[in-house]
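# What the coordinates show
As a plain string of letters, each chain reads:
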Amino acid sequence: MYKVVIKCVSWILVLLKLCSTATGQASELSEIFENCHKSSSDFDNCIKNGFNELRPYFKTGIAEYNISPFDPHHADYVEQRRGLTRGVVGGYRLLLSDVSEFGWTNSLVTKYKTDWENNKFIYSQDFPEKSLSGLYDFKASVLGRNIHTKGVWNMTLFDYAQTTSVTRIGGAGGLLKVRVEIDKLGDLKMKVSNLFNGQKGIEQAADFLINNMWRPGFPFLKPLINELVSTAFTDIFNESFRYFPIDKFIKD
C-alpha cells in the first residue's frame, strides 16, 4: 500500500511540474510580446527582437501550443521531381527522408517585415553554421539510360543566411505557405554515400568536386535547394503554427 501511495504522489508531482512548465512558457511568451502592438510604428522591430528571445524554446518546443522543437527541425520526407524518370526525354526524382536540420538556436533574425495587405510576414536570418542530414533516394533518366541510387547524406553550411516568407491562405487556421530564399553562403561541406553505387574511385572524385568546386555550380543549384527547403518548411510550419493563437499574445 505504501509503495502505491508513493507512486501516485510521484505521478501527481510530475503532472504538476508539466503544468507549471506550460503555464510558465505561456507567461514568458506574453512578456516577450507584450509591447508589440500592431498599430505601433515599432511593431516589426518588436517582433524581430521577440523572435530572437524565443531561441531557448527552439530545442524544447512549446507543448501547450503543439509547437514541436525547432532544433533540430525534422521532416519525414521531401520530394522533388523534374521531367520523367523513364524515357528518352529525361528527368529525375529526388526523395529525401528522415531529414534533420541543426543550428537554429544559434541563428539570429536580422530583419522582419509584416505585409498586412497580403497576410504575410518576411524575415531574414543568419546562421553561423547549419547542418542537415538524412537519407536519399535518387532516380533519373539520362538519354534513355535509367539511374537509381540511394544512401546517406549530410551537409554543413557555414556563414549562411536565408530570407523566409510565410503567407496564410484565408483567415485564422488557414494553410501556411512558406518560401525560403538563400541570401549568402560562405562555405559548404557535403558527404553523400553510394553516389555511384559503390564505385569508390568515381565517388572520391565526386566528393572532391562537390566540396572544392561547388561555387561555380551554386547559381544553378540554388533554385533547386530553395524549392526543397521551402517544401519542407511549409509542412513543418503548418504542423506547428497553423493554429497558433497569435492574437492571444499580440494586441492591436
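Not measured: the values here are computed from a predicted model.

## Details of the overall build of the protein
Of regular secondary structure, the protein possesses four helices and six strands. Reading the protein from its N terminus to its C terminus gives the helix and strand order α-α-β-β-β-β-β-β-α-α. Looking at the 252 residues of the protein, the share that counts as buried comes to 37%. For the protein, the share of sequence-separated contacts (at least 6 apart) that also reach a separation of at least 24 residues comes to 64%.

## Topic: the nonpolar core
Counting residues in each nonpolar core, the largest one holds 49 residues, and the members touching the most others are Leu29, Phe33, Phe233 and Phe237. Considering each element in turn, this core owes the most residues, seven residues, to helix α4 (residues 214-241). Among all residues touching phenylalanine 33, those that are not within four sequence positions of it are Ile47, Gly50, Phe51, Leu54, Phe249 and Ile250.

## Notes on the layout of surface pockets
Left-over empty space is what a probe sized like a water molecule reveals as it rolls over the atoms. In this structure, the largest pocket spans a volume of roughly 1300 Å³. As for the largest pocket, its lining consists of 47 residues, and the residues nearest its centre are Leu94, Met190, Val192, Leu221 and Leu228. Contributing elements (two or more residues each) for the lining of the largest pocket: β1 (73-83), β2 (91-102), β4 (120-142), β5 (145-168), β6 (176-192), α3 (200-212) and α4. Looking at the lining of the largest pocket element by element, the count peaks at 11 residues for α4. For the lining of the largest pocket, the class distribution of residues is 34 nonpolar, 10 polar and three charged.

## Considering the state of the cysteines
Counting across every chain of the model gives one disulfide. Note on cysteine connectivity: cysteine 36 is disulfide-linked to cysteine 46, with sulfurs 1.9 Å apart. On the sign convention where negative is left-handed, the bridge of cysteine 36 and cysteine 46, at about -85° about the S-S bond, is left-handed. In this pair, cysteine 36 sits in the loop between α1 (2-33) and α2 (43-53) while cysteine 46 sits in helix α2, placing the two residues 10 residues apart along the sequence.

## As for the pattern of salt bridges
Applying the stated rule across the entire model yields seven salt bridges. For the salt bridge of arginine 82 with glutamate 227, the shortest nitrogen-to-oxygen distance reads 2.5 Å. Note that arginine 82 is positioned in strand β1 and glutamate 227 in helix α4, a separation of 145 residues in sequence.

## Some details on the environment of isoleucine 250
Residue position: isoleucine 250 is located in the segment after α4. Isoleucine 250 sits 217 residues away from phenylalanine 33 along the chain, and the two C-alpha atoms are 6.3 Å apart.

Rules and cut-offs
Residues numbered from 1 in each chain as written. Predicted model: local features only at pLDDT ≥ 70, side-chain atom pairs only at ≥ 80, totals over all residues. Heavy atoms only, no water. Helix = DSSP H or I, 4+ residues; strand = E, 2+ residues; numbered from the N terminus. Buried < 20%, exposed > 50% of the residue type's maximum accessible area, 1.4 Å probe, protein only. Contact = heavy atoms within 4.5 Å. Core = buried A, V, L, I, M, F, W, Y, C linked by side-chain atoms within 4.5 Å. 1 Å grid on protein atoms, 1.4 Å probe; cavity = no way out; pocket = protein on both sides within 12 Å on 5 of 7 lines; lining within 4 Å. Points joined across faces, edges and corners; volume = space filled by probe spheres on them. Nonpolar A, V, L, I, M, F, W, Y, C, P; charged D, E, K, R; others polar. Disulfide = S-S within 2.5 Å. Salt bridge = Lys/Arg side-chain N within 4 Å of Asp/Glu carboxyl O.

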